[in-house]
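# Residue-level structural notes
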Amino acid sequence: MATLSGGSIDVMVKGGPQTLQPVLQVINLKKIASNGSNDRYRLLVSDGETTYSHVMLATQLNVMMEANEIDAFCVIKVNKYLCNTIQADKRILILLDITVLKKGSEVKERLGNPSQYKADGTGATNGTAHGDSAPPAKAPAPTLANPARPLGGIKTSPPKQGPNSFGGNKPPSGPGTPGSNRVHKIATLTPYQNRWRIRARVTQKSSIRTWSNSRGEGRLFSVNFLDDSDEIRATGFNDAVDKFYDLLEVNKVYYVSRCSIKTANKQYSNLKNDYEMTFNNDTIIERCDDDVDLPSMTFDFVPISEMEKHAANSIVDVVGVVKLCNDLSTVIARQSQKELTKRDLQIVDQSGVAISITLWGNDAQNFDGSSNPVIAVKGARLSDFGGRSLSVLSSSQLVINPDIREAHVLRGWYDREGASMDFGSFRSEGGGAGGSTNWKTFGQAVSENLGHGDKADYYTTKATIMVMKKENCMYQACSTENCNKKVVDQGNGLYRCEKCNRESPSYKWRMILQTTMADFSGYQWVSCFQDSAETLLGVKADELGDMRQNDEGAFDQVFQRGMFKEYTFRLRSKMETYNEESRLKTVCVAATPVDYVQYGKHLLEEIRKFGL
């Protein structure tokens, strides 16, 4: 029979060492009502000598309850726990990590003859739960073995007051309250705490964004806080934007308390923390002007040449030298139909590959790329547009000429040799044979099952156009910029777009050209959309549409002239299922005339692999 850790409950409640790892028995358990999305479970546990009912199971352990791993009378080992003071006379144990040593169905009985836990060893009990017959009695606050030592080994720091304090001028309160000098670690924060205070550095700060839905509209922003234990995201809405946005500065340190803590929505955060904070009316944020040893913003840089190894829409950190800075331009957002300002950059690094990165809003307007600065971006979104490209999000942090080792090394490399180098491109511009091109023949693509995995495969090939289908190669699309939805001819001179819910007297031509491409090893059906189709046919879509309606002979000649020409193609392959039938779909991402000098270099590299 398992041996319980007698006396361990008293040690845990009094802030004993986190490395204790006691063996306890679960006497009873029940689900409690919760307004959140996760159920919460309360336990009555025993160490063989005493029982304690103020025990909560962390939500990440709910799967053990659902799998019926935890049941009445089971014996567990507590690997990790927290002790939180909820009131002066009540402390809650939160079990963060446990191991089930013996199932309750095997034990079948209460081990030992435990009594209810008494806070001071002589006074009243802590109360009852889970079927205990005695009524709850108020217990005095437990007496700590070492009163000078904060619960859970929490470090202390002096309280801050002054003009940088927001959220109310409240007098200092007792231990465990935000007004005290106790500082908690970010890693210890959970939704079960309501009295805590952290000291952390702001590592990221978004711009102010607007939102609108059926419940109304408003503004929001978010920041990331970092201390030496973990990093957590905090979001402020409406009034919190006015209160805290100007106060919070990147790389500054603050005391933060009285925020709401909830399970993190990973759709909006790439941090590893299971929780996130929300600023509310009671939130207090104070500037910390002391010299504290807290980590600064950290990066996990991905070399540009390795971007293809990461899934589309993933979040990455990148550093590079701005080789090309385009002028400002505007686009219309698909959902909001608002005009957005953007600027496209091309950045490079020592891997010999260039990638496009897009800045938006104020970042785009204020950026000066004339001196080829080094930029570091924390939290850029990786897209598969054009093979691979990056976008700086509102939650990303853009740093120009950062004072970090990687930036200094890049600066020296670019000034010595990088400025005069030719770079490969994820768009295969010029047929370059850079590290990102992934050259394959059609035979290799088949033998290696490209496109049959969970995500799309990109590769580059030199091929000849064998067939181009004229039928259904074009359609009339909505004239609104960035809307390519097919329009319906109303028969009265107007064309209706169901997506934009509008009628217009004009439309634009869009192309979907089905082709067969071949090389010496095989062939492949490939879909070519607007840009690549215009390259293969040598005419713009609107011009070809006029020929189709007014000069069928000229229309046919365009297709005849486009046959049997060679290009360097950047292709995307992915298995798709339609009507319960799976088939390989290959799309042309980019088509460029063959640069035989660069293609020759590629062939020489392939020959060298054979040792010739």
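The numbers attached to residues start from 1 for each chain and follow its sequence in the written order. Owing to the predicted nature of the model, reporting of local features is limited to residues with pLDDT of at least 70; listing and counting of side-chain atom pairs is limited to 80 or more, with chain, interface and lining totals taken over all residues. Each side-chain value is worked out from all heavy atoms of the structure, with water and hydrogens disregarded.

Here the focus is the sheet that holds strand β25 (residues 488–489). DSSP calls a pair of strands paired once it identifies at least 2 bridges connecting them. Strands are runs of DSSP state E lasting at least 2 residues, helices are runs of H or I lasting at least 4, and numbering of each runs from the N terminus. The strand order β25-β26-β27 describes an open sheet built from three strands, whose pairing is antiparallel. Pairing within the sheet leaves two strands with one partner each, and these edge strands are β25 and β27 (502–504). Relative to β27, strand β26 (residues 495–497) runs antiparallel, the two sharing three bridges. Within the sheet, the bridge partner assigned to C497 lies in β27 and is R502.

In this section: the packing of helix α9 (residues 541–550) against helix α10 (residues 552–561). Here an axis means a line fitted to C-alpha atoms, over the contact stretch when the element is a helix, while the angle between two N-to-C directions is reported on a 0 to 180 degree scale. Packing of α9 against α10 leaves a shortest axis separation of 6 Å and a crossing angle of 130°. Classified by the angle between their axes, α9 and α10 sit oblique to one another. For the pair α9 and α10, contact is made by L544, M547, R548 and N550 and by E552, A554, F555, V558 and F559, respectively. Polar here means any residue other than Ala, Val, Leu, Ile, Met, Phe, Trp, Tyr, Cys and Pro, which are nonpolar, and Asp, Glu, Lys and Arg, which are charged; Gly is therefore polar. Per-class residue counts for the contact of α9 with α10 are six nonpolar, one polar and two charged. Every angle not falling under 35 degrees, over 145, or within 65 to 115 is termed oblique; those three ranges are roughly parallel, roughly antiparallel and roughly perpendicular. Any two residues having at least one pair of non-hydrogen atoms within 4.5 Å are treated as being in contact.

This paragraph deals with the pairing of strand β2 (residues 40–46). Regular strands show a simple pattern: their side chains alternate between the two faces of the sheet. Burial analysis of β2 places five of its seven residues in the buried class, which makes it a mostly covered element. Strand direction decides the pairing type here: strand β1 (residues 23–32) and β2, joined by seven bridges, are antiparallel. Across the sheet, residue N28 finds its bridge partner in β2, namely L44. Bridge count between β2 and strand β3 (residues 50–57): five bridges; the pairing is antiparallel. Each residue of the ladder has a partner; that of L43, found in β3, is V55. Buried, partly exposed and exposed residues are distinguished by accessible area as a fraction of the type maximum, computed with a 1.4 Å probe on protein chains only: under 20%, between the cut-offs, and over 50%, respectively.

Once that is clear, we can look at the nonpolar core. Ranked by internal contacts, the top residues of the largest apolar core, which has 32 residues, are L513, M517, C528, L537, L544, F559 and F569. Here C528 is in contact with M511, I512, L513, T515, M517, A533, L536 and C588, once residues within four sequence places are set aside. Judged by nonpolar contacts, the second largest core, of 25 residues, contains V202, V223, Y254 and I261. Residues belong to one nonpolar core when they are buried, are Ala, Val, Leu, Ile, Met, Phe, Trp, Tyr or Cys, and are joined through side-chain atoms within 4.5 Å.

Attention now goes to the packing of aromatic side chains. The pairing test for Phe, Tyr and Trp rings, Trp by its six-membered ring, is centres within 6.5 Å, and the orientation test on the planes gives stacked under 30 degrees, edge-to-face over 60, and tilted for anything in between. A complete count under the given rule lists 11 aromatic pairs for this structure. Ring centres of W439 and Y599 lie 5.4 Å apart, and the angle between their planes is 50°; on these two criteria the pair is classed as tilted. Residue W439 is found in the loop between β22 (424–425) and α7 (442–447), and its partner Y599 is found in helix α11 (residues 596–608); the two are separated by 160 residues along the sequence. In terms of burial, W439 and Y599 fall into one category: buried. On the numbers, 5.8 Å between centres and 55° between planes, the contact of Y567 with F569 is tilted.

Bridge count between strand β15 (residues 315–325) and strand β19 (residues 374–383): six bridges; the pairing is antiparallel. Along β19, the bridge assignment pairs V316 with A380. Pairing between β15 and strand β17 (residues 339–348): four bridges, direction antiparallel. Bridging from a neighbouring strand, C325 pairs with L345 of β17.

This brings us to the side chain of T203. The residue T203 is located in strand β7 (residues 197–205) in this model. Here T203 falls in the buried class, since its relative accessible area comes to 1%. Residues contacting T203, with those up to four places away along its chain left out, are N224, L226, E231, V250, S296, M297 and Q397.

Turning to the confidence of the model for the protein, a few remarks are in order. The predictor reports its confidence for every residue as pLDDT, a score running from 0 up to 100. Averaged over the protein, the pLDDT score is 80; the fraction of residues at 70 or greater is 84%. Across residues 121–180, where pLDDT falls below 50, the model places 132 contacts with residues more than four positions away in sequence or in other chains.

Moving on, we get to helix α6 (residues 405–416). Taking 1.5 Å of rise per residue, 12 residues should cover 16 Å, and α6 covers 17 Å from first to last C-alpha, within 8% of that figure. Next to the buried residues of α6 lie β15, β17 and β19. What a helix is expected to span follows from its residue count: subtract one and scale by 1.5 Å.

Let's shift gears to unusual backbone geometry. The backbone phi angle of N472 is positive, close to 55°, even though this residue is not glycine. Within the fold, N472 resides in the loop between β23 (457–468) and β24 (474–477). For F564, which is not glycine, the phi dihedral falls at a positive 60°. Checked against the element boundaries, F564 lands in the loop between α10 and β30 (566–578).

What follows is about the pattern of salt bridges. Salt bridge criterion: a side-chain nitrogen from Lys or Arg within 4 Å of a carboxyl oxygen from Asp or Glu. Evaluation of the coordinates by the stated rule reveals 17 salt bridges. With its nearest N and O atoms 3.0 Å apart, the salt bridge here joins R197 to E286. Of the two residues, R197 sits in strand β7 while E286 sits in strand β14 (residues 284–287), which places them 89 residues apart along the sequence. Its relative accessible area of 5% is what places E286 among the buried residues. The residue R411 makes a salt bridge to D415 at a minimum N-O spacing of 3.4 Å. Taken together, the positions of R411 and D415, both in helix α6 and four residues apart, correspond to about one turn of that helix. Owing to a relative accessible area of 23%, R411 belongs among the partly exposed residues under this scheme. Connected via shared salt-bridge partners are R233, K262 and E276.

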